[in-house]
Each structure stands twice: as structure tokens, then as C-alpha cells.
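The chain contents come next:
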Amino acid sequence: MSKRKTYKYNGIMIPVNDNDDVIFEVDFISSGNTGYTNIDTPLRAFDAHQIHNSGSEYIGKGKELRGEMCFSFSDIVNLAEEVNEIVIDFKINGSTIVRHRNKKSEEHNPYIDIVFYFK
């Protein structure tokens, strides 16, 4: 049994105003993707926000998240034979913080970890 590949993105700093509603979004760019994303914040450390497939989730106010470490963990699979590359945008308030891409020949069932902070 082969080990699944994990793609890691660390130390992403995101500016946010105190009263901003912070929305985390997953946008599947390539077709045939399915999966889920958990978003852990200090406000919900033991009760993660979850997005199934593409979608968005309110994760808190800027002043509540500033200076704290947050992270997301995605478990993705792409079984579409005609698709050669997995492409996913991860966004905060509509701005892409990570564009993940990998060839399916490298991994068709990736884990994607993102560590981010608000400043």
C-alpha cells in the first residue's frame, strides 16, 4: 500500500480588519474533484468548520482571529479519467491565498495542509 502525498503550505499572512467577517472558501477549478476541508481556528479548536467539495464557511471576525494560528486540512480525490491535473483555489474573503495544483500521475488523492495567520 503506497503512502498518500501531503502538500503543505505554511506561514501565510493575511491582512484583516477588526470588524471584517472572515470567509474561507474552497473552489475546485479542475472537474472531477470531490472531498472535504476542515478549518480549525482558535474559536473552534475542537469543533472544526467543514466544507464538503467546493463552498465557503464563515470562520469569525477579524479581531477574533488576528495573531492566531489557523489551519485547514483537505482530503481530496479526483477519479475523472480525462483530468490530468488537480487544481484547487483556497480563498479568504474572495482573495486566493493558495492555488494548489498537482499532476494526477503524482497523486490522485492528495492531502492539502495550509497554515495561515491573520495580521
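Keep in mind the model is a prediction, meaning the values are calculated, not measured. (Residues numbered from 1 in each chain as written. Predicted model: local features only at pLDDT ≥ 70, side-chain atom pairs only at ≥ 80, totals over all residues. Heavy atoms only, no water.)

Engineer: Can you walk me through the pairing of strand 2 (residues 21-28) in this structure?
Structural biologist: Looking down a regular strand, the side chains alternate between one sheet face and the other. Only one face of strand 2 is buried, namely the one carrying Val 22, Phe 24, Val 26 and Phe 28, since none of Asp 21, Ile 23, Glu 25 and Asp 27 on the opposite face is buried. As judged from the 6 bridges shared by strand 2 and strand 5 (residues 55-61), these two strands associate in the antiparallel manner. By the bridge assignment for strand 5, Asp 21 is matched with Lys 61. Note: strand 2 against strand 7 (residues 85-92), 5 bridges, orientation antiparallel. The residue bridging Phe 24 from the neighbouring strand is Ile 92, located in strand 7. (Buried < 20%, exposed > 50% of the residue type's maximum accessible area, 1.4 Å probe, protein only. Helix = DSSP H or I, 4+ residues; strand = E, 2+ residues; numbered from the N terminus. Pairing = 2+ DSSP bridges.)

Engineer: Before we go on, may I ask you to explain the sheet that holds strand 8 (residues 95-103) in this structure?
Structural biologist: In a beta sheet, neighbouring strands are held together by backbone hydrogen bonds and run either parallel or antiparallel to one another. Strands sit in the order 5-2-7-8 across an open sheet of 4 strands; the sheet is antiparallel. Since the sheet does not close on itself, it has two edges, and those belong to strand 5 and strand 8, each with one partner. Averaged over all pairs of adjacent strands, the angle between strand axes in this sheet comes to 15 degrees, irrespective of strand direction. As defined by bridge partners, strand 7 adjoins strand 8 across 8 bridges and the pair is classed as antiparallel. Each bridged residue has a counterpart across the sheet, and for Phe 90 the counterpart in strand 8 is Val 98. (Axes fitted to C-alpha atoms, helices over the stretch in contact; angles between N-to-C directions.)

Engineer: Quick question: what am I supposed to make of the pattern of salt bridges here?
Structural biologist: Think of it this way: side chains of opposite charge can pair up when their charged atoms draw near. Scanning the model with the defined rule gives 7 salt bridges in all. Residue Lys 5 pairs with Glu 106 through a salt bridge whose shortest N-O separation is 3.6 Å. One end of the pair, Lys 5, is in the segment before strand 1 (6-14); the other, Glu 106, is in the loop between strand 8 and strand 9 (111-118), and 101 residues separate them in sequence. You can call Glu 106 partly exposed: its relative accessible area is 44%. Between Asp 21 and Lys 61 there is a salt bridge, with the nearest N and O atoms lying 2.7 Å from each other. One end of the pair, Asp 21, is in strand 2; the other, Lys 61, is in strand 5, with 40 residues separating them in the sequence. (Salt bridge = Lys/Arg side-chain N within 4 Å of Asp/Glu carboxyl O.)

Engineer: Explanation requested: unusual backbone geometry in the structure shown.
Structural biologist: Trans is the prevailing form of peptide bonds, just as negative phi is the prevailing case for residues other than glycine. Of note in this structure, Asn 53 is not a glycine but carries a positive phi near 60 degrees. Looking at where Asn 53 falls in the secondary structure, it is placed in the loop between strand 4 (49-52) and strand 5. Assessed through its relative accessible area of 31%, Asn 53 is described here as partly exposed.

Engineer: Whenever I open this one, the nonpolar core confuses me. Can you help?
Structural biologist: Buried together is how nonpolar side chains tend to be arranged in soluble globular proteins. Counting residues in each nonpolar core, the largest one holds 23 residues, and the members touching the most others are Phe 24, Phe 90, Ile 97, Phe 116 and Phe 118. For this core, the secondary structure elements donating two or more residues are strand 1, strand 2, strand 6 (69-78), strand 7, strand 8 and strand 9. Aside from chain neighbours lying at most four places away, what touches Phe 118 is Ile 14, Val 16, Val 22, Ile 59, Leu 65, Arg 66, Gly 67, Glu 68, Cys 70 and Ile 92. (Core = buried A, V, L, I, M, F, W, Y, C linked by side-chain atoms within 4.5 Å. Contact = heavy atoms within 4.5 Å.)

Everything listed is a geometric property; what it means functionally is a separate question.
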